[in-house]
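Chains, contacts and geometry: an overview
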Amino acid sequence: MEEHLHILWTNADPVVFDKMVLMYAVNSLTHGWWEKVTVILWGESARLAVEDPAVAGRIRQARAQGVAFSACVSCARELGVEEQLREMGLEVIPWGEPLTRLIRSRAPLLTV
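The following paragraphs examine the structure supplied in this document. Quantities reported herein were computed from a predicted structural model and do not represent experimental measurements.

Attention now moves to the pairing of strand 1 (residues 4-9). Burial analysis of strand 1 places 6 of its 6 residues in the buried class, the great majority of the element. Neither face of strand 1 is open: one carries H4, H6 and L8, the other L5, I7 and W9, and all of them are buried. Bridge count for strand 1 against strand 2 (residues 36-41) is 6 bridges, and the pairing is parallel. Across the sheet, the residue bridging to L8 is I40, located in strand 2. At this point the chain moves from strand 1, through helix 1 (residues 14-30), to the parallel strand 2, and the crossover so formed is right-handed. Pairing of strand 1 with strand 5 (residues 109-111) involves 3 bridges; the strand directions are parallel. Along strand 5, the bridge assignment pairs L8 with T111.

Here we come to the packing of helix 2 (residues 44-51) against helix 3 (residues 53-64). With their axes 5 Å apart at the nearest point, helix 2 and helix 3 run at an angle of 95 degrees to one another. Viewed along their axes, helix 2 and helix 3 adopt a mutual orientation that is roughly perpendicular. Counted together, L48, A49 and E51 of helix 2 and P53, V55, A56 and I59 of helix 3 form the full contact between these two elements. Classifying every residue of the contact of helix 2 with helix 3 by side-chain character gives 6 nonpolar, no polar and 1 charged.

Topologically, D18 is positioned in helix 1. Residue D18 is classed as buried on the basis of its relative accessible area, which comes to 19%. Polar contacts involving the side chain of D18 include one to the side chain of K19, which spans 3.1 Å.

So, about the packing of helix 1 against helix 3. Between two packed helices, what matters for the description is the angle formed by their axes and the separation of those axes. At a minimum axis distance of 11 Å, the contact between helix 1 and helix 3 shows a crossing angle of 0 degrees. As judged from the angle between their axes, helix 1 and helix 3 are roughly parallel. Each of P14, F17, D18, L22 and V26 in helix 1 lies in contact with helix 3, whose residues at this interface are V55, R58, I59 and A62.

Most of strand 2 sits out of view: 5 of its 6 residues are buried. Direction of pairing for strand 2 relative to strand 3 (residues 68-72): parallel, over a ladder of 4 bridges. From the neighbouring strand, T38 faces strand 3, where its bridge partner is A68.

Attention now goes to the environment of R60. Looking at where R60 falls in the secondary structure, it is placed in helix 3. Classification of R60 by relative accessible area gives exposed; the value is 52%.

Spatially, 5 strands are ordered 4-3-2-1-5 in an open sheet, and the strand pairing comes out parallel. Looking at which strands have only one partner, the edges of the open sheet turn out to be strand 4 (91-93) and strand 5. With strand direction ignored, the average angle separating the axes of adjacent strands in the sheet is 25 degrees.

Scoring rules and cut-offs
Residues numbered from 1 in each chain as written. Predicted model: local features only at pLDDT ≥ 70, side-chain atom pairs only at ≥ 80, totals over all residues. Heavy atoms only, no water. Buried < 20%, exposed > 50% of the residue type's maximum accessible area, 1.4 Å probe, protein only. Helix = DSSP H or I, 4+ residues; strand = E, 2+ residues; numbered from the N terminus. Pairing = 2+ DSSP bridges. Right-handed = clockwise from strand over helix to strand, strands pointing away. Axes fitted to C-alpha atoms, helices over the stretch in contact; angles between N-to-C directions. Parallel < 35°, antiparallel > 145°, perpendicular 65-115°, else oblique. Contact = heavy atoms within 4.5 Å. Nonpolar A, V, L, I, M, F, W, Y, C, P; charged D, E, K, R; others polar. Polar contact = N/O pair within 3.5 Å; in protein donor to acceptor, adjacent residues only side chain to side chain.

Printed below as a string of structure tokens:
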């Protein structure tokens, strides 16, 4: 069984981020539900991560607890936040092909 969960975070609602994406990601590692968790920022969530100080702070905390974060480079560029995401220490890469591979392989993927 695949022990790496990817969470595709496309929703720019800070409450959804805090009470679903982040809560599940951190608890998944804390309680051993998954060995590894990666949150993929796609679309407007990339801008929220940069522009909302509370969200940025929660991302820093989650990273310290072992949650990985990676952003879609095309989205980040189009929204003008690529450099800020990199400065936050987030991976910023082309996600189209990797996401397609995840879906085709039926790897654990949660979309929010």
